[in-house]
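Notes for the structure review
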Amino acid sequence: MTHTEQGAIFPADGGVKEGILDFLKQALSKGCFDAVLIPAKAPGGDSFAHLLIRDESLLQDALPICPVMPVQGAKALSSLTRLGKGDKRIAAVIRPCELRATVELFKLGQVDLENICLITTDCPGALPLADWVKDPKKAEEVFSEILKGGAGESLRPVCQVCDKFSATGAEDLHIGTLGTKSGSILLIPGSPKGKDVLDGIGLPVVGDISQWQETMSRLTEVRRGKREQAQKELGASVSGLDNLLDIFINCINCHNCMRVCPICYCRQCFFDSNNMKFEFEDYLKRAEMAGGLRLPPETLLFHIGRMLHMSLSCVSCGACEDACPTSIPVAQVFSLVADRNQKAFEYTPGRSLDESPPLRVYGEKEFEEVEQSHAEASAKREGQDA
Amino acid sequence: MPRPPPNGRGKMPKLLRLNRRAEEGVRELLSRLLESGKIDGVLTLVRTGRNGVLTYSLITNSDLLEEAVPLAPLMPANAAKLLSRLTLVEPAGRPIAVVVRPCELRALTELTKLNQGSLDNLLLISSTCAGVYPLEIAVDGNIEEKLPQYWEAAKKGEIPADIRSACASCVHLVPYNADMTVNLFGNEDVDEQCVIYLNTDKGEQFAAAIATEVIEGEVESEVIEGLRNKREAQKKKLFDEISVEGLHAQKVFDKCIGCRGCSKVCPVCYCHVCLFDSGGDEHDSRYYETELEKMGYVPVLPNTVFYQLVRLFHVSTSCVGCGLCADVCPVNIPLSVVSLKTSESVQKAFDYLPGRDIEEGLPLVTFEPEEFAAPAE
């Protein structure tokens, strides 16, 4: 962890949520920032949305740790700053996976972070959006169990095996809530911007964070094991074209997964473009080749294309799976592929703002084994042709 | 009350009776047409993949028709959208038969008027429609066990339990503009007999390929009228339950997460680039700062409710109430009811029923010198 070895201890006698909100209110009133971007109950009262809040009093209804993730926070930040930064200094309270997606979007030029202070919290995970939609009251009860450390099996599958649920190193300020002394939270600065906030409200950064760090390392190890296990099982059932077809056969081509994905930022997807519109005869000939053509066509190709386009930046946030109307385990499949691809490039998306995306970095001696087998294959082909 | 479907000929339609279960009869018809070379392909629902998932397919090999389930009560996509995709660049150069639901046929008619597809070379086969189940039922694999009760209800002209609310409240259960209509209602022998009405000359010509016995008959019946009344009552109930007037819309659309699945699956939302993807919906920091000053807070993403309102407005004259929008909504907004409620009032004002007649001009491109001169009551 790139953080300082110390943090500020902030009182949270009323609970973690109240502690975080107290801190935000203080910082707002001291002018450390002008507004806070944070999930809150939407005005209608039965849904959550990211609100940009200026008034301290309105922060009362905010939920720094929200039971569901209806919109990925990075997407919200992109909407807020894609056309350029404003005059206001904004604190964004987001989940670690939202932070990681934000960092990727920053590298891709889709978000401006100059006036943004990124604040993350230890993340307990989120419930499937469908569960909450079906029965909000029950979902809130389950989530309060989760906050107490139980009901882990009710979390979204990707959250159950998430091993990056705490500080990742790219945030300006991290709020430690797990493994802290009860009645307090830890405010751990990750950048001068974050340190300024703590200075602004006169909080000395002198608290020992080693106990929290130990808890995080322990939990991370447990989760890493679970992730490996889950991916091993899933890997066996999705490898190969037939298995992939089985998994994605329910796809109805609604592109919800692409729409809610924080990384899929193209204004117009290739698969919605004229490049994918063909003449009638073309479709009929394709049907004749196999006896039949599934419609809409190219659904599996869409997923493979999307995987190829975004998997190096995929942060396993699970938004795609939440939005799938036919319950395809999109996020689980994508994060499996993403982990493997990222490992091949030794790249962890969202780890650091300074790390370039792999496809922008030229390595003269990269993937020689791939090059080698390709060269051999083509030499063989040429030999056959001759 | 909707007008009876025009058959354009002013004479009693002929009908074809096949001694097969309805679905087998349709399959037999398709197979004979394909094998005789009268058509080169069939668009129909098919069981695909190792798990037999229901999807639309364009079938060219008659052996594969064994997997066809043309009357299965599911709509994994609106077939009009698929046919638009097939015929957008150029009309079908060879004849194919398509087996689609009445609402899909209506949407196809609208898309044709909007220059998003072509009916050329399409043999339009439809059926009186008992409705379809929500997509999630199919995903759970429970559709098979529902089938007996579904067909039982159809026989009696009742609304099957658990079908989508869009279907339970749909009064356009008899297809408009179909060349052939398979009747499923009030046919006590639906398990043994397939009755296909031949509404057009084209339908008759194609049927000649297999016709053994053609008699005359009218698809409309007391059973169908009774079912229409039940659905009309159901529709009224649904409309009364949901209020979208004025600021109520805010509450209805509050949950929207901006995935735009509703637009992507909507057959009549055909824009190549939606206004809301065009950059037209992007706000710069000034917008956020002004709103912040005014209200003390501002939602980010800001346009979810606005998007829904504009979509309602854009689809209102052509919405056929197919219900797919509601089916794909990850947060269960009752989009189909909302859309149908608003669309019907617009369509009524223009005395227009989308998909009724290919010759009927779209209201917004039809100039009437004396239209809406006085404010509506």
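Residues numbered from 1 in each chain as written. Chains lettered and ligands numbered in written order. Predicted model: local features only at pLDDT ≥ 70, side-chain atom pairs only at ≥ 80, totals over all residues. Heavy atoms only, no water.

**A few points about the overall build of chain A**
- Counting its regular elements, chain A contains 15 helices and 9 strands.
- By the compact-globule yardstick of 21 Å for 386 residues, chain A fits well, its C-alpha radius of gyration being 23 Å.
- Projecting the C-alpha coordinates of chain A onto the three principal axes gives extents of approximately 80 × 50 × 40 Å.
- The proportion of buried residues among the 386 residues of chain A is 53%.
- Within chain A, contacts between residues at least 6 apart in sequence are counted, and of these 73% link residues at least 24 apart.
- In the structure as shown, chain A presents an accessible area of about 17200 Å², 52% of it carried by carbon and sulfur atoms.
- For chain A, the distance from the average position of its 42 positive side-chain charges to the average position of its 53 negative side-chain charges is 3 Å. (Helix = DSSP H or I, 4+ residues; strand = E, 2+ residues; numbered from the N terminus. Rg over C-alpha atoms; globule rule 2.2 N^0.38 Å. Buried < 20%, exposed > 50% of the residue type's maximum accessible area, 1.4 Å probe, protein only. Contact = heavy atoms within 4.5 Å. Areas by Shrake-Rupley, 256 points an atom, 1.4 Å probe, with all protein chains shown as cover. Lys, Arg positive; Asp, Glu negative; His and termini not counted. Charge placed at Lys NZ, Arg CZ, Asp CG, Glu CD.)

**Here's the deal with a nonpolar patch on the surface**
- On the surface, Leu241(A), Leu245(A) and Ile304(A) cluster together into a nonpolar patch covering about 250 Å² of accessible area.
- Structurally, Leu245(A) can be placed in helix α9 (residues 241–248). (Patch = residues over 30% accessible without salt bridge, like charges linked within 9 Å, V, L, I, M, F, W, Y side chains within 5 Å. Salt bridge = Lys/Arg side-chain N within 4 Å of Asp/Glu carboxyl O.)

**Section: the sheet that holds strand β8 (residues 214–216) of chain B**
- In space, the 9 strands of this open sheet follow the order β9(A)-β3(B)-β2(B)-β4(B)-β5(B)-β6(B)-β7(B)-β1(B)-β8(B), with mixed pairing throughout. The sheet is open, and its two edges are formed by β9 (292–295) of chain A together with β8 of chain B, each paired on a single side. On average, each strand axis in the sheet is inclined to that of its neighbour by 35 degrees, with strand direction left out of account.
- Bridge count for strand β1 (residues 14–18) of chain B against strand β7 (residues 194–198) of chain B is 5 bridges, and the pairing is antiparallel. Residue pairing for β7(B): Lys14(B) is matched across the bridge by Leu198(B). (Pairing = 2+ DSSP bridges. Axes fitted to C-alpha atoms, helices over the stretch in contact; angles between N-to-C directions.)

**Some words on the interface of chain B and chain A**
- Every contact between the two is made by 66 residues of chain B and, on the other side, 72 residues of chain A.
- With both sides pooled, the region where chain B packs onto chain A buries about 6000 Å², and carbon together with sulfur makes up 57% of that total.
- Counting the contacts that link chain B with chain A gives 10 salt bridges.
- Glu298(A) is paired through a salt bridge with Arg85(B); the nearest N and O atoms lie 2.3 Å apart.
- Of all the secondary structure elements, the ones that give two or more residues to the side of chain B that touches chain A are β2 (41–48), β3 (53–59), α2 (79–87), α4 (135–139), α10 (261–265), α11 (285–295), β9 (297–300) and α13 (324–328) of chain B.
- Residues of the side of chain B that touches chain A, tallied by class, amount to 33 nonpolar, 17 polar and 16 charged.
- Relative to β3(B), β9(A) runs antiparallel, the two being bridged by 4 bridges. (Buried area = accessible area lost by both parts, 1.4 Å probe. Nonpolar A, V, L, I, M, F, W, Y, C, P; charged D, E, K, R; others polar.)

**Regarding helix α11 (residues 280–290) of chain A**
- Turning to α11(A), its buried residues are Phe280(A), Tyr283(A), Leu284(A) and Ala287(A). Buried residues of α11(A), viewed axially, fall in a sector of 95 degrees; they line one side.
- Contacts from the buried residues of α11(A) go to β9 of chain A together with β3, α2 and β4 (96–99) of chain B.
- Just past α11(A), the residue Gly291(A) takes up positive phi, approximately 95 degrees. (Arc of directions from axis to C-beta.)

**A few points about the pairing of β9(B)**
- Side chains of β9(B) alternate between two faces, with Val298(B) and Val300(B) buried and Tyr297(B) and Pro299(B) left unburied.
- Note: strand β3 (residues 48–53) of chain A against β9(B), 4 bridges, orientation antiparallel. Looking at β9(B), one finds that Ile53(A) is bridged to Tyr297(B).

**What to know about the packing of helix α8 (residues 222–241) of chain B against helix α14 (residues 335–349) of chain B**
Residue and element names in this part refer to chain B.
- Interhelical geometry of α8 versus α14 gives an angle of 100 degrees and a closest axis separation of 10 Å. Here α8 lies roughly perpendicular to α14, going by the angle between them. On α14, the residues touching Lys-235, Leu-238 and Phe-239 of α8 are Val-337, Leu-340, Lys-341 and Glu-344. (Parallel < 35°, antiparallel > 145°, perpendicular 65-115°, else oblique.)

**With respect to the pattern of salt bridges**
Residues and elements named next belong to chain A.
- Summed over all chains, the structure comprises 45 salt bridges over all chains.
- Taking the shortest distance from any N to any O, the salt bridge between Arg-286 and Glu-298 comes out at 2.8 Å. Residue Arg-286 is found in helix α11, and its partner Glu-298 is found in the loop between β9 and α12 (299–310); the two are separated by 12 residues along the sequence.
- The partly exposed category is assigned to Arg-286, whose relative accessible area is 25%.

**Re the nonpolar core**
- Core analysis: the biggest nonpolar cluster contains 131 residues, and Phe23(A), Leu24(A), Phe33(A), Leu52(A), Ile119(A) and Phe248(A) have the highest contact counts within it.
- Those residues in contact with Phe23(A), other than ones at most four positions away along the chain, are Phe10(A), Ile119(A), Leu173(A), Ile175(A), Leu187(A), Val197(A), Leu198(A) and Ile201(A).
- Formed by 90 residues, the second largest nonpolar core is a distinct cluster that contains Leu29(B), Val42(B), Tyr56(B) and Ile224(B). (Core = buried A, V, L, I, M, F, W, Y, C linked by side-chain atoms within 4.5 Å.)

**A short note on the side chain of Gln342(A)**
All names here are of chain A.
- Along the chain, the position of Gln-342 falls in helix α14 (residues 330–344).
- On the basis of relative accessibility, which here comes to 8%, the residue Gln-342 falls in the buried class.
- Those residues in contact with Gln-342 that lie beyond four places of it in its chain are Ser-311, Leu-312, Ser-313, Cys-314, Tyr-347 and Pro-349.

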